[in-house]
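# Fold and geometry: a report
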Amino acid sequence: MTAGFVHLHLHTEYSLTDGLVRVGPLMDAVSSAGMPAVALTDYNNLFALVKFYRAAIARGIKPIIGVDTLLNSGQPNEPPSRVVLLCQNETGYRNLTRLVTRAHLTGKRGGAPVIDRAWLAEANSGLIALSGGRYGDVGRGLLTGNMDAANESLAFWREYFPDRYYLELLRTGREEEERYLQAAVELAAATATPVVATNDVRFLRRDEFEIHEARVCIREGRMLNDPRRPRRFSDQQYLRAPDEMAALFADLPEALANTVEIAKRCSLSLSFGENVLPEFPTPAGETTDEYFCAQAREGLERRLKAMQDAGSPDLDARAQRYRERLEDELRIISGMRYPGYFLIVADFIRWARENGVPVGPGRGSGAGSL
């Protein structure tokens, strides 16, 4: 990578409440600026992942996958802090998807999904962490003057993210930002912790700031002209070009260089178009195909016995037509490697019926086949 800066903290429109960036125009802008890579770090979700990844690859841009998420410190009266997690590889991707899922299922706090710090101690491999700037746990300690809290948080990150934790530096013109930056640089120098520059991107162009603010107000139920509403964003959170970032951080060239270094360290390769189903448990000695075919044939015989008049003269001929049709279907289903899918659908349909849950015959090809 020859460019001097890569954006590593960026919200798209899939952040829903505080991002305007559309994936297609983003890739056009990144390509025009000569940046070799760009990160996706939407708020608490990976909704844009597939669209973002495909669009980046199509333009010859390296996609970096991540999430900007809330973090629970474990203190009962302390609000969640922020951290940006980036995938280095497939292991990191799987850990990140599990963390985000767990936050949505069991980590809700005030309606927002929150990752518990203890979870990161268990699932941190393959992930790089950016501190979240003044909104992170270290930043919060620095701004409040609580160096014990800042050092305790930093010790956690250095223990579980060795050589994978960076103090995030921003210059977007927001309140307390420069005071945080100076304190973070001093802490970085004292503890040999690397720093990285980001622009916490929410929109592509500076003139989109008011549109972004309108979206934020809709979410918060406020009016744009309300003098009491919090101003958490600035018009500088656009997709700055590398030369703009170079001028902005001319005094901290290592913070720019580390964006490229992190981009080099993140190499996630995803495959699409492959069907991956769970392995359905079958009796010992039987393959999925054998078990599926045996279940289907037994089911057909039960239905023939229940539906047909035993005294009918053409009973065997009629039954044989169904048996032949079933064999044709089994041949097609096995050839397409779908037996596991049919067994899975049958399993939850059966469970629903046995547990008094109203349910139909299944769905799609399962319900439409013999």
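Before reading further, recall that the structure is shown in the block above.
Description of the structure in this document.

Thresholds, definitions, all that
- Residues numbered from 1 in each chain as written.
- Predicted model: local features only at pLDDT ≥ 70, side-chain atom pairs only at ≥ 80, totals over all residues.
- Heavy atoms only, no water.
- Salt bridge = Lys/Arg side-chain N within 4 Å of Asp/Glu carboxyl O.
- Helix = DSSP H or I, 4+ residues; strand = E, 2+ residues; numbered from the N terminus.
- Buried < 20%, exposed > 50% of the residue type's maximum accessible area, 1.4 Å probe, protein only.
- Contact = heavy atoms within 4.5 Å.
- Polar contact = N/O pair within 3.5 Å; in protein donor to acceptor, adjacent residues only side chain to side chain.
- Pairing = 2+ DSSP bridges.
- Right-handed = clockwise from strand over helix to strand, strands pointing away.
- 1 Å grid on protein atoms, 1.4 Å probe; cavity = no way out; pocket = protein on both sides within 12 Å on 5 of 7 lines; lining within 4 Å.
- Points joined across faces, edges and corners; volume = space filled by probe spheres on them.
- Nonpolar A, V, L, I, M, F, W, Y, C, P; charged D, E, K, R; others polar.
- Axes fitted to C-alpha atoms, helices over the stretch in contact; angles between N-to-C directions.
- Parallel < 35°, antiparallel > 145°, perpendicular 65-115°, else oblique.
- Left-handed = near helix turned anticlockwise from the far one by under 90°.
- Phe/Tyr/Trp six-rings, centres within 6.5 Å; stacked < 30°, edge-to-face > 60°.
- Lys NZ or Arg CZ within 6 Å of the ring centre and 35° of its normal.
- Expected span 1.5 Å × (residues − 1).

Looking now at the pattern of salt bridges. Applying the stated criterion across every chain, the model contains 29 salt bridges. Note that E176 is salt-bridged to R179, the shortest N-O span being 2.7 Å. Residue E220 pairs with R232 through a salt bridge whose shortest N-O separation is 2.4 Å. Pair noted here: E220 is in helix α8 (residues 209-220) and R232 is in the loop between α8 and α9 (242-248), with a separation of 12 residues, a long-range link. By relative accessible area, which is 29% here, R232 ends up partly exposed. Salt bridges linked by common partners bring D18, R174, E177, D200 and R202 together as one network.

This part covers unusual backbone geometry. Despite not being glycine, E176 has its phi angle at roughly 70 degrees, a positive value. Looking at where E176 falls in the secondary structure, it is placed in the loop between β7 (165-169) and α7 (177-191). The phi dihedral of D200 falls on the positive side, at around 45 degrees, and the residue is not glycine. Structurally, D200 can be placed in the loop between β8 (195-197) and α8.

Here we take up the environment of Q295. Its location among the elements puts Q295 in helix α11 (residues 288-307). In this structure Q295 comes out as partly exposed when scored by relative accessible area, which is 32%. Each C-alpha atom, one on Q295 and one on V138, is 59 Å from the other, the two residues being 157 residues apart in sequence.

A few words now on the environment of Y238. Positionally, Y238 belongs in the loop between α8 and α9. Ignoring sequence-local partners within four residues, the contact set of Y238 consists of H7, N199, V201, F203, L204, R205, R206 and E244. Among the polar contacts listed, one links the side chain of Y238 to the side chain of E244, at a separation of 2.6 Å.

The next point concerns the pairing of strand β1 (residues 37-43). In terms of burial, β1 is a largely internal element, 7 of the 7 residues being buried. Side chains of β1 alternate between two faces, with A37, A39, T41 and Y43 and V38, L40 and D42 buried alike. Here 7 bridges tie β1 to strand β2 (residues 62-72), and the two strands are oriented parallel to one another. The partner of V38 across the bridge, within β2, is P63. The parallel pair β1 and β2, bridged by helix α2 (residues 49-58), forms a crossover whose chirality is right-handed.

A word on the layout of surface pockets. Approximately 1,000 Å³ is the volume attributed to the largest pocket. Contributing to the lining of the largest pocket are 30 residues, with A296, G299, R303, A346 and L370 lying nearest its centre. Taken together, the elements giving at least two residues each to the lining of the largest pocket come down to α11, α12 (315-335), α13 (339-354) and α14 (364-368). Among the elements that line the lining of the largest pocket, the one with the most residues is α11, at 10 residues. The calculated volume of the second largest pocket comes to roughly 490 Å³. Lining the second largest pocket are 24 residues, and of these R82, Y135, R174, R202 and R232 sit closest to its centre. Listing elements by their share of the lining of the second largest pocket, those giving two or more residues are β2, α5 (137-144) and α8. Considering only residue class, the lining of the second largest pocket consists of 8 nonpolar, 4 polar and 12 charged.

Now for the packing of α11 against α12. At a minimum axis distance of 11 Å, the contact between α11 and α12 shows a crossing angle of 160 degrees. With respect to α12, the element α11 is oriented roughly antiparallel. Of the two possible hands of crossing, α11 and α12 adopt the one that is right-handed. Contacts between α11 and α12 pair D289, F292, C293, A296, R297, L300, E301 and L304 from the former with A319, Y322, R323, L326, E327, L330, I333 and S334 from the latter. Broken down by class, the residue content of the contact of α11 with α12 amounts to 10 nonpolar, 1 polar and 5 charged.

Let's shift gears to the packing of aromatic side chains. Tallied over the full model, the rule gives 10 aromatic pairs. Ring geometry for Y53 and F272: centres 5.7 Å apart, planes at 65 degrees, overall edge-to-face. Of this pair, Y53 sits in helix α2 while F272 is found in the loop between α10 (253-265) and α11, placing the two residues 219 residues apart along the sequence. Relative accessible area serves as the criterion here: at 8%, Y53 is assigned to the buried category. What links up through ring pairs into an aromatic cluster is the set F156, W157, Y160, F161 and Y165. Stacked on the ring of F272, the Lys or Arg R54 has its end atom at 4.5 Å from the ring centre. Here the guanidinium or amino end of R117 rests over the ring plane of F156, the centre of that ring lying 4.8 Å away.

Counted at 1.5 Å a residue, the expected span for α10 with its 13 residues is 18 Å, and the 19 Å between its end C-alpha atoms agrees. The complete set of buried residues in α10 reads A255, L256, N258, T259, V260, I262 and A263.

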